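# Chains, contacts and geometry: an overview
So you can see what is in the structure, the chains are spelled out below.
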Amino acid sequence: MTAVVDDDVSTGEFFGSSSAGSFTSQIKAAVANRLGQAQPKPPRSGLSLGVGNLNAPRRAGMHNSANEVLPPRRQADHLMNVYWFYVDPLYPFLDRRKWEQNYANLFAGTPIDTDEVIFVATLNIIFALATQLVESMEPENRDETSGVYFKRAKDLLDLTFWDSGSLELVQYLLLMSQYLQSTNLPHQTWMIVGSAVRVAQSLGLHLPETSALQPTTSQRELLRRIWHGCVLMDR
């Protein structure tokens, strides 16, 4: 079976069917239909992920000041609200309480309780996902703006196979794969999902005892949701 990215476009590559990817496409189509707009077909080479060996981040990306630019707080809050309302109920990969605390600290300029590089990169992926669902924007503007956020997130992390992974990295990869499923880049999607699965396995998330040993219910549930997310996105 070959991957089909549009009604009349086939990539010639086998990736299997993806119910998660189909659902993401249906959401985008519903937004466009509600506004009476046709969905533009993204160009074949519109995004280049540059997937290589993946596992854990380096910190070099934060030295690029362009990558550190965040939208105005009001716009960022709106995009976060869109994400929590439309995306998180279906793909609950984040600990909302912890995320919102770090989010507030980031905009306040105070230290955050996580890896800042991964956090800012993940935040930009969230902005990219949410932008695709903003009904007040024209389809072309949605695609262009979400692409900017995606590129910023991708450029923030220099990923290498040789370093160890982390839970935050798995969350980042899952959200990145979710975004890529709304594009016509099935190969990159497949590789990112596979990387998320491998990093998760290296952390033991596929083992019931890993989550069972966590001290709180919320931590146990988060690990299980993340692993279930890996399984879901890999289908």
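Residues numbered from 1 in each chain as written. Predicted model: local features only at pLDDT ≥ 70, side-chain atom pairs only at ≥ 80, totals over all residues. Heavy atoms only, no water.

Glancing now at the overall build of the chain. Helices and strands together make up the secondary structure of the chain, namely nine helices and four strands. Mapped from its N terminus to its C terminus, the chain presents α and β elements in the order β-β-α-β-α-α-α-α-β-α-α-α-α. Within the chain, buried positions represent 46% of all 235 residues. In the chain, the share of contacts with a sequence separation of at least 24, taken over all contacts with a separation of at least 6, comes to 72%. As displayed, the chain offers around 12,000 Å² of accessible surface, 52% of which is attributable to carbon and sulfur atoms. (Helix = DSSP H or I, 4+ residues; strand = E, 2+ residues; numbered from the N terminus. Buried < 20%, exposed > 50% of the residue type's maximum accessible area, 1.4 Å probe, protein only. Contact = heavy atoms within 4.5 Å. Areas by Shrake-Rupley, 256 points an atom, 1.4 Å probe, with all protein chains shown as cover.)

Glancing now at the nonpolar core. Core analysis: the largest hydrophobic core is formed by 58 residues, its most contacted members being M80, Y83, W99 and Y172. Those elements that provide at least two residues to this core are α2 (73-87), α3 (96-108), α4 (116-131), α5 (139-156), α6 (167-180), α7 (186-202) and α9 (217-233). Among the elements that take part in this core, α4 stands out by supplying 12 residues, more than any other. For Y83, the contacting residues outside a window of four places in its chain are D88, P89, Y91, L94, I126, L129, A130 and L175. (Core = buried A, V, L, I, M, F, W, Y, C linked by side-chain atoms within 4.5 Å.)

Turning our eyes to something else, we now look at the packing of aromatic side chains. Going through the model one piece at a time under the given rule, you end up with seven aromatic pairs. Residue placement shows R73 over the ring face of F107; its charged tip is 5.0 Å from the ring centre. (Phe/Tyr/Trp six-rings, centres within 6.5 Å; stacked < 30°, edge-to-face > 60°. Lys NZ or Arg CZ within 6 Å of the ring centre and 35° of its normal.)

Here we come to the environment of R142. The residue R142 is located in helix α5 in this model. Accessibility expressed as a relative area gives 5% for R142, which makes it buried. In this structure the C-alpha to C-alpha distance between R142 and L129, which are 13 residues apart in sequence, comes to 9.8 Å. Among the polar contacts listed, one links the side chain of R142 to the backbone oxygen of Q132, at a separation of 3.4 Å. (Polar contact = N/O pair within 3.5 Å; in protein donor to acceptor, adjacent residues only side chain to side chain.)

For P89, the location among the structural elements is in the loop between α2 and α3. Here P89 falls in the exposed class, since its relative accessible area comes to 54%. Non-local contacts of P89, meaning those with residues more than four positions away in its chain, are made with Y83 and W84.

Here the focus is α3. Its 13 residues place the ends of α3 18 Å apart at the C-alpha level, agreeing with the 18 Å of an ideal helix rising 1.5 Å per residue. Considered for burial, the residues of α3 that qualify are W99, N102, Y103, N105 and L106. Looking straight down α3, one finds that the buried residues subtend no more than 165 degrees of arc, so they occupy a single side. Of the exposed residues in α3, those oriented more than 90 degrees away from the buried face are R97 and A108. A side-chain oxygen of the first residue of α3 lies 3.3 Å from the backbone nitrogen of R97; this N-cap is D95. Downstream of α3 by a residue or two, G109 has a phi angle that is positive, lying close to 80 degrees. (Expected span 1.5 Å × (residues − 1). Arc of directions from axis to C-beta.)

Looking now at α6. Under the 1.5 Å per step criterion, the end-to-end length of α6 is 20 Å for 14 residues, consistent within 8% with the ideal 20 Å. Counting buried positions over the 14 residues of α6 gives 12, a clear majority of the element. Along α6, the positions that sit buried rather than exposed are L169, V170, Q171, Y172, L173, L174, L175, M176, S177, Q178, Y179 and L180.

Scope: geometric values only; no functional claims are made or implied.
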